[in-house]
Amino acid sequence: MPAAYDPNNIFAKILRGELPCHKVYEDERVLAFLDIMPRAPGHTLVIPKTPARNIFDISPDDYAHVARVAQKIATAAMKAFQADGITVAQFNERAGGQVVFHLHMHVMPRRDSVELLPPGTRQEDVKVLEDNATKLIAALG
Ligand code: 5GP
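Below is a short write-up of the structure. Just so it is clear, the model here is predicted, and its values are computed rather than measured.

## So, the layout of surface pockets
Here the largest pocket is characterised by a volume of approximately 630 Å³. Lining the largest pocket are 25 residues, with Phe11, Asp35, Ile36, Met37 and Val100 positioned closest to its centre. Within the residue set of the lining of the largest pocket, elements represented by two or more residues are helix H1 (10-15) and strand S2 (30-34). The element that contributes the greatest number of residues to the lining of the largest pocket is H1, accounting for three residues. Among the residues forming the lining of the largest pocket, the class breakdown is 16 nonpolar, seven polar and two charged.

Take a look at the structure:
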């Protein structure tokens, strides 16, 4: 059985404003921000504001809203980053590839014949993250 939600995880701290992020979208139920170690330019994370560890403890309705916003980000990211495609991924528990235990959907813009970087390859320059956030916010309208 999965462990309980840990309110000290890094995304909970971002939600409480205790840690910074490059926000690209927010509504009453979700926050979307750039991944600090992008696997592709424009790699974005969509997280629910509700304290959910992963797919096993989130309500179907909140999960659906995270997916709805991931779809919106994916569409905007095609334009913002001149992408040829988008990979959407959501990992559950350590065996499922999850490292941060607050549910999140990855939205990763892809270019033809360009592989994703392995997770955690390198921390992106702040200036690049700022520029990419500006581009994505503009494409989101
Ligand atoms: P997971 O493997 O849990 O699905 O992915 C966690 C993601 O969170 C990774 O892609 C990692 O780069 C990203 N990440 C880890 N720490 C931070 C952080 O402090 N800020 C942001 N924006 N992303 C983070």
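Read on, since the account is not over.
## Focus on the pattern of salt bridges
Per the counting criterion, the structure on display carries eight salt bridges. When the shortest N-O distance is used, the salt bridge between Glu18 and Arg16 registers 2.7 Å. Salt bridges sharing common partners tie together Lys23, Glu26 and Lys49.

## Some details on the packing of aromatic side chains
For the structure shown, the criterion picks out one aromatic pair. Relative to Phe33, the ring of Phe11 lies with its centre 5.4 Å away and its plane at 80°, an arrangement referred to as edge-to-face. Of the two residues, Phe11 sits in helix H1 while Phe33 sits in strand S2, which places them 22 residues apart along the sequence. Given a relative accessible area of 7%, Phe11 falls into the buried group. Phe33 sits in the buried class, given a relative accessible area of 2%.

About the criteria used
Residues numbered from 1 in each chain as written. Predicted model: local features only at pLDDT ≥ 70, side-chain atom pairs only at ≥ 80, totals over all residues. Heavy atoms only, no water. 1 Å grid on protein atoms, 1.4 Å probe; cavity = no way out; pocket = protein on both sides within 12 Å on 5 of 7 lines; lining within 4 Å. Points joined across faces, edges and corners; volume = space filled by probe spheres on them. Helix = DSSP H or I, 4+ residues; strand = E, 2+ residues; numbered from the N terminus. Nonpolar A, V, L, I, M, F, W, Y, C, P; charged D, E, K, R; others polar. Salt bridge = Lys/Arg side-chain N within 4 Å of Asp/Glu carboxyl O. Phe/Tyr/Trp six-rings, centres within 6.5 Å; stacked < 30°, edge-to-face > 60°. Buried < 20%, exposed > 50% of the residue type's maximum accessible area, 1.4 Å probe, protein only.

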